Amino acid sequence: PAALAAGAAAPQTGDERHPPSTGLVEITGVHKSYGANEVLHDITLRVAPGQVVTLLGPSGSGKSTLLRAINHLETIDAGAITIDGEYIGYERRGTQLHELREKQILQRRTRVGMVFQNFNLFPHLTALENVIEAPIGLKRASRQEAIAQARVLLERVGLADRADHYPRQLSGGQQQRVAIARALALAPDVLLFDEPTSALDPELVAEVLSVIRDLATGGTTLIIVTHEIGFAAEIADHVVFLDAGRVVEQGPPAQVLRAPEQARTQEFLDWVI
Ligand code: ADP
Ligand code: MG
């Protein structure tokens with residue numbers, strides 16, 4: 001499947017729509033509907049290399065749909081998303097955009113890592129096997145290389161001693177840290193987190209946030225959907241507040257979280273904190 005719904009207009013390639021920019025992830029005028037339900041309305045957002053962006057918003061505001069679109073898991077109806085200049089779902093040949101084939105989408109998706117609320121580890125594979133699966137499956141690495149790299153990544157998330165454990169033998173916080181190591185295994189350009197701590201018992205949240213904090217300070221480009229406002233205030237370079245599929249407000253955390261201009265943003269913050 002291509003990233004644009006069949007019959008929908010292809011994204012425009014006109015330069016006025018894509019001026020030179022330093023964005024690593026560029027989301028331009030994105031619209032998405034499910035039937036009559038418009039879930040994303042004219043979303044425009046630039047994420048620079050090394051930047052940490054947090055997406056906030058009430059349930060149903062379109063946060064997961066936007067992340068899924070960035071990761072080729074969802075088609076969009078209009079607009080364009082590029083990562084390092086490459087279109088999601090399309091490739092440019094001359095001035096024309098052509099829909100990508102499934103195999104190309106799978107290749108391109110490896111530039112984006114994604115961490116889900118419910119970990120989504122392979123239950124029948126150990127922590128180490130979960131991390132080496134993609135590098136080996138996509139023939140990026142020999143088994144030996146992949147194992148050596150996975151051990152480094154598991155060490156980085158504090159789980160060097162859990163390599164041979166199965167997900168059911170790990171706590172939720174440990175499973176999520178394995179999921180982060182797995183997402184890092186293909187050295188993606190950008191990592192997406194969809195409410196990475198929402199399914200965790202409160203005492204396990206800090207260990208996952210700590211790993212994400214290390215990635216942020218280490219210069220990894222991150223887009224994080226979270227309701228952890230304090231954490232967002234601490235690590236984000238840029239905060240985006242979505243409501244009903246629209247960007248209501250975006251800017252530095254000191255502005256959006258401490259002195260929002262929009263009443264809707266303040267209402268949400270009052271409710272969530
Ligand atoms: P959020 O992550 O902010 O809670 P979502 O992106 O999951 O919001 O959902 C946004 C809206 O899109 C909601 O109204 C939801 O019901 C709808 N939606 C999400 N996925 C689908 C789908 N596959 N089919 C139909 N509607 C969907
Ligand atoms: Mg969601």
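Residues numbered from 1 in each chain as written. Chains lettered and ligands numbered in written order. Predicted model: local features only at pLDDT ≥ 70, side-chain atom pairs only at ≥ 80, totals over all residues.

Before going further, it helps to spend a moment on the overall build of the chain. The number of helices and strands found in the chain is nine helices and 12 strands. Expressed as lengths along the three principal axes of its C-alpha atoms, the size of the chain is roughly 50 × 50 × 35 Å. Out of the 273 residues in the chain, the part that is buried amounts to 42%. Contacts in the chain between residues at least 24 apart in sequence constitute 66% of all its contacts with a sequence separation of at least 6. (Helix = DSSP H or I, 4+ residues; strand = E, 2+ residues; numbered from the N terminus. Buried ≥ 20, exposed ≤ 12 C-beta atoms within 10 Å, placed from the backbone. Contact = placed C-beta atoms within 7 Å.)

Residues in contact with ligand 1, as listed here, are Tyr-34, Asn-37, Val-39, Gly-57, Ser-59, Gly-60, Ser-61, Gly-62, Lys-63, Ser-64 and Thr-65. Looking at the shell around ligand 1, the elements with two or more residues in it are strand 2 (37–47) and helix 1 (63–70). Considering each element in turn, the shell around ligand 1 owes the most residues, three residues, to helix 1. Partitioned by chemical class, the residues of the shell around ligand 1 number two nonpolar, eight polar and one charged. (Near = placed C-beta within 6 Å. Nonpolar A, V, L, I, M, F, W, Y, C, P; charged D, E, K, R; others polar.)

Turning our eyes to something else, we now look at the confidence of the model for the chain. Summing up the model confidence of the chain, the mean pLDDT is 90 and the portion of residues at 70 or higher is 92%. Note that residues 1–9 has pLDDT below 50 and, in this model, 20 contacts with residues that lie over four places away or in other chains. Predicted confidence for residues 12–19 stays below pLDDT 50, and this span has six contacts to residues more than four positions away or in other chains. Taken over the whole predicted complex, pTM reads 0.90, whereas the ipTM for its chain interfaces reads 0.98. (pLDDT = per-residue confidence, 0-100.)

Our focus in this paragraph is the UniProt feature "domain: ABC transporter" (unreviewed entry) in the chain. Within this structure's numbering, the places UniProt gives as "domain: ABC transporter" (unreviewed entry) are residues 25–269. The distance from the first to the last C-alpha atom of residues 25–269 is 26 Å, and the span holds 36% helix and 28% strand. (UniProt positions renumbered as here; feature names shortened; annotations may be inferred.)

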